[in-house]
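# A structural walkthrough
Each chain, written out:
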Amino acid sequence: GAVVSQHPSRVICKSGTSVKIECRSLDFQATTMFWYRQFPKKSLMLMATSNEGSKATYEQGVEKDKFLINHASLTLSTLTVTSAHPEDSSFYICSAWTGGEGSNEQFFGPGTRLTVL
Amino acid sequence: GEDVEQSLFLSVREGDSSVINCTYTDSSSTYLYWYKQEPGAGLQLLTYIFSNMDMKQDQRLTVLLNKKDKHLSLRIADTQTGDSAIYFCAESTSGNTPLVFGKGTRLSVIA
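Note that the structure is a prediction, hence the values are computed from the model and not measured. (Residues numbered from 1 in each chain as written. Chains lettered and ligands numbered in written order. Predicted model: local features only at pLDDT ≥ 70, side-chain atom pairs only at ≥ 80, totals over all residues. Heavy atoms only, no water.)

The subject of this paragraph is the sheet that holds strand E7 (residues 67-73) of chain A. All names here are of chain A. Ordered in space as E1-E3-E8-E7, the four strands form an open sheet in which the pairing is antiparallel. Strands with a single pairing partner mark the edges of an open sheet, and in this sheet they are strand E1 (4-7) and E7. Taken pair by pair, the neighbouring strands of this sheet meet at an average axis angle of 15 degrees, ignoring direction. With five bridges joining them, E7 and strand E8 (residues 76-81) adopt antiparallel strand pairing. Paired with leucine 68 across the strands is threonine 80, a residue of E8. (Pairing = 2+ DSSP bridges. Helix = DSSP H or I, 4+ residues; strand = E, 2+ residues; numbered from the N terminus. Axes fitted to C-alpha atoms, helices over the stretch in contact; angles between N-to-C directions.)

All right, on to the packing of aromatic side chains then. Under the criterion given, the structure shown has 13 aromatic pairs over all chains. Ring geometry for A:Phe108 and B:Phe101: centres 5.9 Å apart, planes at 75 degrees, overall edge-to-face. Here A:Phe108, found in strand E10 (residues 106-108), pairs with B:Phe101, found in strand E10 (residues 100-101), and the two come from separate chains. The residues A:Phe108 and B:Phe101 share a single accessibility class, namely buried. An aromatic cluster of at least three residues, connected via ring pairs, comprises A:Phe34, A:Tyr36, A:Phe108, B:Tyr31, B:Tyr33, B:Tyr35, B:Tyr48, B:Phe50, B:Phe88 and B:Phe101. Here the guanidinium or amino end of B:Lys56 rests over the ring plane of B:Tyr48, the centre of that ring lying 4.4 Å away. (Phe/Tyr/Trp six-rings, centres within 6.5 Å; stacked < 30°, edge-to-face > 60°. Buried < 20%, exposed > 50% of the residue type's maximum accessible area, 1.4 Å probe, protein only. Lys NZ or Arg CZ within 6 Å of the ring centre and 35° of its normal.)

So, about the side chain of B:Ser51. Within the secondary structure layout, B:Ser51 lies in the loop between strand E5 (43-50) and strand E6 (55-58). In this structure, B:Ser51 is in contact with B:Ser29, B:Thr30, B:Leu65 and B:Lys67, ignoring residues within four places of it in sequence. (Contact = heavy atoms within 4.5 Å.)

So, on to the pairing of strand E8 (residues 71-76) of chain B. Residues and elements named next belong to chain B. Where strand E3 (residues 18-24) and E8 come together, six bridges link them in antiparallel fashion. Counted as the bridge partner of serine 18 is isoleucine 76 from E8. Of the pairings in the sheet, the one linking strand E7 (residues 61-66) to E8 comprises six bridges and is antiparallel in character. What sits directly across from valine 63, in E8, is leucine 74.

Each regular strand displays side chains that alternate between the two surfaces of the sheet. Residues and elements named next belong to chain B. Taking burial as the measure, the seven residues of strand E4 (residues 31-37) include seven buried ones, the bulk of the element. Alternating positions in E4 separate into two faces, Tyr31, Tyr33, Tyr35 and Gln37 on one and Leu32, Trp34 and Lys36 on the other, with burial throughout. Both E4 and E5 contribute to a ladder of seven bridges, which runs antiparallel. Pairing of tyrosine 31 across the sheet is with phenylalanine 50, part of E5. Hairpin connection from E4 to E5: five residues lie between these consecutive antiparallel strands, with glycine 40 at a positive phi of about 75 degrees. As judged from the seven bridges shared by E4 and strand E9 (residues 85-92), these two strands associate in the antiparallel manner. When the sheet's bridge partners are listed, lysine 36 is paired in E9 with tyrosine 87.

The subject of this paragraph is the nonpolar core. If you look at the biggest cluster of nonpolar residues, it comprises 25 residues, and the most contacted ones within it are A:Val4, A:Trp35, A:Met47, A:Phe67, A:Leu79, A:Tyr92 and A:Leu114. Looking at this core, the elements that each hand over two or more residues are strand E2 (10-13), strand E3 (19-25), strand E4 (32-38), strand E5 (44-51), E7, E8, strand E9 (90-97) and strand E11 (112-116) of chain A. Ignoring anything within four residues of it in the chain, the contact list for A:Leu114 reads A:Val11, A:Cys13, A:Val19, A:Val81, A:Asp88, A:Ser89, A:Ser90 and A:Tyr92. Of all hydrophobic cores here, the second largest spans 20 residues; its members include B:Trp34, B:Leu61, B:Tyr87 and B:Val109. (Core = buried A, V, L, I, M, F, W, Y, C linked by side-chain atoms within 4.5 Å.)

See the structure below:
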């Protein structure tokens, strides 16, 4: 099946720094990628929808200036957490949709665990 | 908005069957999914079902869908200790729409 990777898998940073997380579709082109956030022992909450070549669509309550999303190519989307604070510590998961009529499956990355000290 | 509800915990003995239940509110849901998440790991798609199906079986997994009641269940036959994980129910209206997840059911398998 299709593979989605995320890098890094784990990152620890100091408060005030910025962190970039990459989401790559390894063996397919992803028209659309989604970024989710998961708090400990909680469900996944959608942060934003990322379409290649256009601006991301953010969910209500998600600060677009804090969580910068760039979908520069059909195989790469990046999420940059700017000026990170401890409350941004979370598990960030991306998913990618292959596109095409009848294609319903989204493929999830393994997630990136961000810890902000 | 859409909502997906699951019970939070389920405990079963090894070898027994596990049944995890889920209800959803969006009547336009087209695809319904079950994902498995082990500690510290990402999501693994177990199976999915189209809304025009009533049942889908895949080895030890059986998914039942009652569209009228908006109720989805996942049955795991002969549950093993390796099945211990959090199971998420999710729904979407199409492939290019984001999934709406339930809070997850933590399955504990007792040896």
